[in-house]
Amino acid sequence: MNKRIEKLDNFGRGITYIDDKIAFVPNALDGELIDLERLEEHKKYIICKNNRVLDKSTEREENVCPYFLKCGGCNIFHMKEEKELEFKKMRAKDLLLHYAGISIKDIDVSFSKFLGYRNKITLRVENGKLGLLEEESNNIVFIDKCLIADKKINEEISILRSLIKDEDINKIVIRTGDGIMLSLYGNVKNIDKFKKICTSLYINDECITNKYITKELGSKKYHIRNKSFFQVNDEVAYLLYENIRALVSKIKPLNVLDLYCGVGSIGIYIADCAKNVTGIEVESDAIKDAEENKRLNNINNIRFINNKVENSNINLDLYDLVIVDPPRRGLDNKTVNMLNDSNLKNIIYVSCDVITLGRDIKSFTNYDVIFIKIFNMFPRTYHFETLCLLEKNN
């Protein structure tokens, strides 16, 4: 069956119509003529397979990864870089209109390189071979390298391929910084050979050599352990943090509250723009890292509290500004209500999911969005980071 693609959905799939039902087609661009077949038919929609592109868009990327649409890592590798940025702007505007009721004429996007950006990758091991998981599956796609991973990670993959053959390892996590961190899971028989190829080694989450590797963003340094959360794209993380810092500098707050502070990365980055900063984080290991990063950067005006944000019972009257960087699920209702009913003049919201961001913004009835920008933190995927500044309305 040949069908013309009318537009893209918010996950980068092509949309057409079959028998008055909406049909979703992967690896398709608007305007293209596709030879497709039905895979799954549901009551209101159809999932299709793209057999062949009969009439290609000029915005199609031809030099795609050989594992595209096999592993679950990338879903819009078929778009040229300019098309990807255009798509993400459209996605941000459409979803914010739908979920927050905010109409945005245009939205700025900050970006850096599209390949070789990931500083962390999780590999699966089966029968002595390395691979990535298929999307929504436990099946492994065996790979030689990953095009969106840091060059150092791909060099490590090449070395690991020969070292794991006689081991009973099922998962490997590789992180880069000032060195290589390896986290191995399973039964490791010969530890010494892995010590030689990394700076920091963990086996089944137990540190064998060197707890940390160090990452630098601007003038700040951060120690990262194997379970520490840190942005996967160093260059775009720097652009994001510089934008946050610029907003904080303009607001000139005395006391800043940094919710979901993780290893303290944002709070430490903007600490010299305020008199005092308080970070709150539920993960105790992240708080340990935050305290270490505080000492590493010789910062004395920041403190960290190990608690759930919603249970912290913080007195918001003591703060001029709140920064929130929640997990993908967004803010819980208690936190939304607490912030919405506060006397805070400004809230800075950093989000990795524009859908939950839109939902939360809609709940902030006492605040208006006065600044919004997206950051292409995850090129070749439909994900991105969003930065918002909210201001108390009258």
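The structure we're discussing is the one just above.
Residue indices follow the written sequence of each chain, beginning from 1 at its first position. Residues qualify for local features only when their pLDDT is at least 70, as the model is predicted, and side-chain atom pairs are given and counted only at 80 or more; totals for whole chains, interfaces and linings, by contrast, use all residues. Hydrogens and water are ignored here; the side-chain numbers use all heavy atoms of the structure.

J.: Can you walk me through the pattern of salt bridges in this structure?
T.: In a structure, side chains of opposite charge can pair up when their charged atoms sit close to one another. Whenever Lys or Arg places a side-chain nitrogen within 4 Å of a carboxyl oxygen from Asp or Glu, that contact is recorded as a salt bridge. Scanning the entire structure with this criterion turns up 24 salt bridges. Residue Asp55 is joined to Arg4 by a salt bridge in which the shortest nitrogen-to-oxygen separation is 2.7 Å. On the criterion of sequence distance, the pair formed by Asp55 in strand S6 (residues 45-55) and Arg4 in strand S1 (residues 2-4) is long-range, its members being 51 residues apart. In this structure, Asp289 and Arg225 form a salt bridge, with 2.8 Å as the shortest nitrogen-oxygen distance. Residue Asp289 is found in helix H6 (residues 284-296), and its partner Arg225 is found in the loop between strand S16 (220-224) and helix H4 (234-251); the two are separated by 64 residues along the sequence. Each member of the pair, Asp289 as well as Arg225, is classed as buried. The helix and strand labels rest on DSSP assignments: H or I over at least four residues marks a helix, E over at least two residues marks a strand, and numbering proceeds from the N terminus. Note on classification: 1.4 Å probe, protein chains only; a residue is buried when its accessible area is under 20% of the maximum for its type, exposed when over 50%, partly exposed between these limits.

J.: Would you mind going over the layout of surface pockets with me for this structure?
T.: A probe matching the size of a water molecule, rolled over the atoms, marks out where space remains unfilled. Both cavities and pockets are sets of points on a 1 Å grid over the protein atoms alone; in a cavity a 1.4 Å probe fits but cannot get out, in a pocket the set is open with protein on both sides within 12 Å along at least five of seven lines, and lining residues sit with an atom within 4 Å of a point. Grid points are joined across faces, edges and corners, and a volume is the space filled by probe spheres set on the points. In this structure, the second largest pocket spans a volume of roughly 800 Å³. Taken together, 22 residues line the second largest pocket, and the ones lying closest to its centre are Arg13, Pro26, Ile47, Leu69 and Glu135. Elements with a minimum of two residues in the lining of the second largest pocket: strand S5 (33-41) and S6. All residues other than Ala, Val, Leu, Ile, Met, Phe, Trp, Tyr, Cys, Pro, Asp, Glu, Lys and Arg, Gly among them, are scored as polar; the first ten of these are nonpolar and the last four charged. Broken down by class, the residue content of the lining of the second largest pocket amounts to 10 nonpolar, 5 polar and 7 charged.

J.: Where do I start with the packing of aromatic side chains in this structure?
T.: How two aromatic rings sit relative to each other is set out by the distance from centre to centre and by the angle between their planes. Ring geometry is summarised as follows: Phe, Tyr and Trp rings, the Trp one being its six-membered ring, pair when their centres sit within 6.5 Å, and such pairs are stacked at plane angles under 30 degrees, edge-to-face over 60 and tilted between the two. Per the counting criterion, the structure on display carries 7 aromatic pairs. Geometrically, the ring pair formed by Phe364 and Tyr367 is edge-to-face, given 6.2 Å between the ring centres and 80 degrees between the ring planes. Residue Phe364 is classed as buried on the basis of its relative accessible area of 1%. Judged by its relative accessible area of 4%, Tyr367 is buried.

This is a description of form; function is not addressed.
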